[in-house]
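What follows is each chain in one-letter form.
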Amino acid sequence: MTPWFVLTKTSCDFGNKLYCQRTLKLDPGASVSSPAPARWRAGGAAVGGLLVLLAVLALAVPAAAQEAAKEPAYRAFPLIGSRLAVWAIAQLHLNFAAFILGVPIFAVIIEAIGWRTGDDRYDWLSHELVKLTFAAFSTTALLGAFLLFLFVGYYPKFWNYMTSIFFPTYWVYALLFFAETFTVYLWYYGWNWLSGPKKWIHVGLGVLSNLFGTTILLVANSWVTFMMSPAGITESGALKGSVWGAINNYTWIPINIHRLIANIVFGGTICGAYAAFRFLSAKTDEERARYDWMGYVGNFVALSAFIVLPFAGYYLGREIYSFNQTMGITMMGGFMSWLWIIQAILIGVLFMGSNYYLWLGMERIPGSERYRKYVPVMIGVLAFGFMVWATPRSMVITLDEARAMGGTHHPVLGFLGVMSAKNTAVNVMILTTFLSFVLYRRANKLSTRSWAPVGMAVQWAAFALAAAIVVFYGVYGYFVESIVRIGFSLYQVGAVLACIVLVMAIDVPLFRGARSTGEIRWGTIAPRSQYVLILLAVTFTWLMGLMGFARSGIRQHWHVYGVMRDRSVDAATPAIGYAANMISVVTIVFFALVLFIFWLGGLSEKGAEKAHGHAAARAIAGGRDERG
């Protein structure tokens, strides 16, 4: 049977560039097999020139010097090895890059809200967040320079090849980074200067800095996605036409969408963690009130973006399958399949933690008592969905246990291990989380609209209909072929998104000008809620590292999949336990550095009432009730 992916006629040039000729034979009806290993040999004019040079050198130096003159394909980093060094620095760099992209996006949204509503609380919050980015900017740049040093020094052949493809984008990346840095500096230091009637200019600077930052993300993503799904190159691996062909590969757009949404979630969780840090160290009720409100806003933005993040993940997974079925099967059904159980647990923690924070927040809202009776039901739905999502298809069991059970699949729970059940569970959890937010939003509001009963009935009907569609297609998926079942996820996603849009379209006018049952008592929330915010930030950061490992790991023994093979001593995907330990260590180091940045953020306020002159405490005490 002809394999779907066949490598033939391999040859490489070890001069200034490293190429591997390949021929792809696509047979959609054929079975999937792993690509055959490439055979490397020297050839071409560049190698001929190198041989002439070596012959000349041989007349004057001993043979050992000739070997030293050759540029090695790999070098070994002391003690921990090259792969671990690159892995650790790359993950730290990406975490801080997400920091300096996600936090400014979050900040400019908050500033724009404050500008349009005239609420000084939002302006203070935005200023507070931008202040945090300065230390993160320098840390990101230093880690990026260190990562470049590692690539050039320890993976020179790989770096030469990537440079031969993407060299024009390096200039763009550097110029964009300078432009973003200077714009952010002007944005921060011009805060008071560009206030009042000139505030629109200041908001525009924030938007411009985020456009620069987002474009930097798009450029960097082109390098990463080319390694996973190369495009725009000839059979020999050389660039074919313009560099745009290599940039616009199969997975570039889906990863752009996925990472942009993930960075917004990340910015919100970091904001929440910073607010929790300041809340727990606060000395006065005014400080606690200020940072309690800041933590709520951070959690709200993070939760809003997190609800749509799984849909972007579906899109990315679909494009990976479209590019190469082998990579898709390795990711979802191969040795990495248990990685998704870990992912399910982490995402379950995020869902449960976000809802728990909202439920704790209801205790500071007068009038919320009428909705607390729904909390146990929502806890049950979330817990059941969590269990379904975390149920594996195959069990890790002994031979005797397998015989007693009749196979590796549990006769009952095995049915919950397939994607029909998991898609259903996650969509129901998203609906439940959205319901928690809706109840929180209206906790101290009583609508005065005459059409309120009809509007609420339509909202509840939308929830019920969306849940029914999700469950129906989840059950129906067991009775159709897999290719049909995959398409059902679109109907489930569409039903959930339609419900969210419809409910909010009704809820906003329904409670505009509503009668209040009392002001929110900011600062009175239970202290354990702040540890939940810190937990959410740590969990999401760990999840980012895990998903980065999944994306890189499916390339297995390839630097550039199907084009340039990894022939170093580390040319194998590490075990999930090993990767989890590595990701945990890097996450701990990252938050140690972030904690230092948080400390710096409060250091400037020592001995002064306010560092930037915003009347934040007065705004919190007397500001309008804003919850979305």
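Remember, it's a predicted structure, so these values are computed and weren't measured experimentally.

1. So, the packing of aromatic side chains
Alright, step 1. The final tally for this structure, using the stated rule, is 42 aromatic pairs.
Alright, step 2. Judged by centre distance (6.1 Å) and plane angle (70°), the rings of Phe167 and Tyr170 are edge-to-face. Separated by three residues within a single helix, Phe167 and Tyr170 lie in helix H5 (residues 156-189), roughly one turn from each other.
Alright, step 3. Classification of Phe167 by relative accessible area gives partly exposed; the value is 43%.
Alright, step 4. By the ring-pair criterion, three or more aromatic residues cluster together here, those being Phe151, Phe158, Trp159, Phe167, Tyr170, Trp171, Tyr173 and Trp223.

2. Observations regarding unusual backbone geometry
Alright, step 1. Of note, Leu79 is a non-glycine position whose phi angle comes to about 70°, a positive value.
Alright, step 2. Inspection of the secondary structure puts Leu79 in the loop between helix H2 (63-69) and helix H3 (82-117).

3. Structural notes on the environment of Ala571
Alright, step 1. When you line up the elements, Ala571 lands in the loop between strand E4 (564-565) and helix H18 (576-603).
Alright, step 2. Between the C-alpha atom of Ala571 and that of Arg83, which follows or precedes it by 488 residues, the distance is 9.2 Å.
Alright, step 3. Contacts of Ala571, omitting those with residues within four sequence positions, involve His557 and Asp566.

4. Brief notes about the confidence of the model for the protein
When pLDDT is low, close inspection of the predicted coordinates is not appropriate.
Alright, step 1. Residues with a pLDDT of 70 or more make up 81% of the protein, whose mean pLDDT is 79.
Alright, step 2. Helix H1 (residues 45-58) is the least confidently modelled element of the protein, averaging 34 in pLDDT, while helix H15 (residues 452-476) averages 93, the highest of any element.
Alright, step 3. With pLDDT under 50 throughout, residues 1-69 is counted as low confidence; its partners more than four residues away or in other chains account for 118 contacts.
Alright, step 4. Contacts of residues 609-628 to residues separated by more than four positions or lying in other chains number 50 contacts, the stretch itself having pLDDT below 50.

5. Here we look at the packing of H3 against helix H17 (residues 528-553)
Alright, step 1. Across the interface, H3 lies against H17 with an axial gap of 11 Å and an inter-helix angle of 125°. Judged by the inter-axis angle, H3 sits oblique to H17. Crossing hand, H3 versus H17: right-handed. Residues Trp87, Gln91, Asn95 and Ala98 of H3 touch H17, and the partners they reach there are Thr541, Met544, Gly545 and Phe549.
Alright, step 2. For the contact of H3 with H17, the class distribution of residues is four nonpolar, four polar and no charged.

6. Quick notes on the pattern of salt bridges
Side chains that differ in charge, positive against negative, can pair when their charged atoms come close.
Alright, step 1. Per the counting criterion, the structure on display carries nine salt bridges.
Alright, step 2. In this structure, Arg121 engages Asp119 in a salt bridge whose closest nitrogen and oxygen atoms are separated by 2.9 Å.
Alright, step 3. Between Arg288 and Asp285 there is a salt bridge, and its shortest N-O distance comes to 2.9 Å. Here Arg288 pairs with Asp285, and both are found in helix H9 (residues 285-323), just three residues apart, close to one helical turn.
Alright, step 4. Look at Asp285 and you get exposed, because its relative accessible area is 60%.

7. Description of empty space enclosed by the protein
Alright, step 1. A full pass over the atoms with the stated rule returns three cavities of 30 Å³ or more.
Alright, step 2. In terms of lining residues, the largest cavity is bounded by 14 residues, among which Thr269, Asn299, Ala302, Ser354 and Leu536 are the most central.
Alright, step 3. Take the lining of the largest cavity: its biggest share by element is five residues, from H9.
Alright, step 4. Split into classes, the residues belonging to the lining of the largest cavity amount to eight nonpolar, six polar and no charged.
Alright, step 5. Empty space within the second largest cavity amounts to approximately 50 Å³.
Alright, step 6. Lining the second largest cavity, in full, are Leu435, Val438, Leu439, Arg442, Met456, Gln459, Trp460, Phe463 and Val503.
Alright, step 7. Where the lining of the second largest cavity is concerned, the elements lending two or more residues are helix H14 (419-441) and H15.

8. Observations concerning the environment of Phe106
Alright, step 1. By the element assignment, Phe106 lies in helix H3.
Alright, step 2. Its relative accessible area of 1% is what places Phe106 among the buried residues.
Alright, step 3. Sequence spacing of Phe106 and Cys271 is 165 residues, and the spatial spacing of their C-alpha atoms is 8.7 Å.
Alright, step 4. Not counting residues up to four positions away in its chain, the partners in contact with Phe106 are Leu129, Gly268, Cys271, Val297, Gly298 and Val301.

9. Quick word on helix H11 (residues 339-362)
Alright, step 1. Its 24 residues place the ends of H11 35 Å apart at the C-alpha level, agreeing with the 34 Å of an ideal helix rising 1.5 Å per residue.
Alright, step 2. Burial analysis of H11 places 19 of its 24 residues in the buried class, which makes it a mostly covered element.

Cut-offs applied
Residues numbered from 1 in each chain as written. Predicted model: local features only at pLDDT ≥ 70, side-chain atom pairs only at ≥ 80, totals over all residues. Heavy atoms only, no water. Phe/Tyr/Trp six-rings, centres within 6.5 Å; stacked < 30°, edge-to-face > 60°. Helix = DSSP H or I, 4+ residues; strand = E, 2+ residues; numbered from the N terminus. Buried < 20%, exposed > 50% of the residue type's maximum accessible area, 1.4 Å probe, protein only. Contact = heavy atoms within 4.5 Å. pLDDT = per-residue confidence, 0-100. Axes fitted to C-alpha atoms, helices over the stretch in contact; angles between N-to-C directions. Parallel < 35°, antiparallel > 145°, perpendicular 65-115°, else oblique. Left-handed = near helix turned anticlockwise from the far one by under 90°. Nonpolar A, V, L, I, M, F, W, Y, C, P; charged D, E, K, R; others polar. Salt bridge = Lys/Arg side-chain N within 4 Å of Asp/Glu carboxyl O. 1 Å grid on protein atoms, 1.4 Å probe; cavity = no way out; pocket = protein on both sides within 12 Å on 5 of 7 lines; lining within 4 Å. Points joined across faces, edges and corners; volume = space filled by probe spheres on them. Expected span 1.5 Å × (residues − 1).

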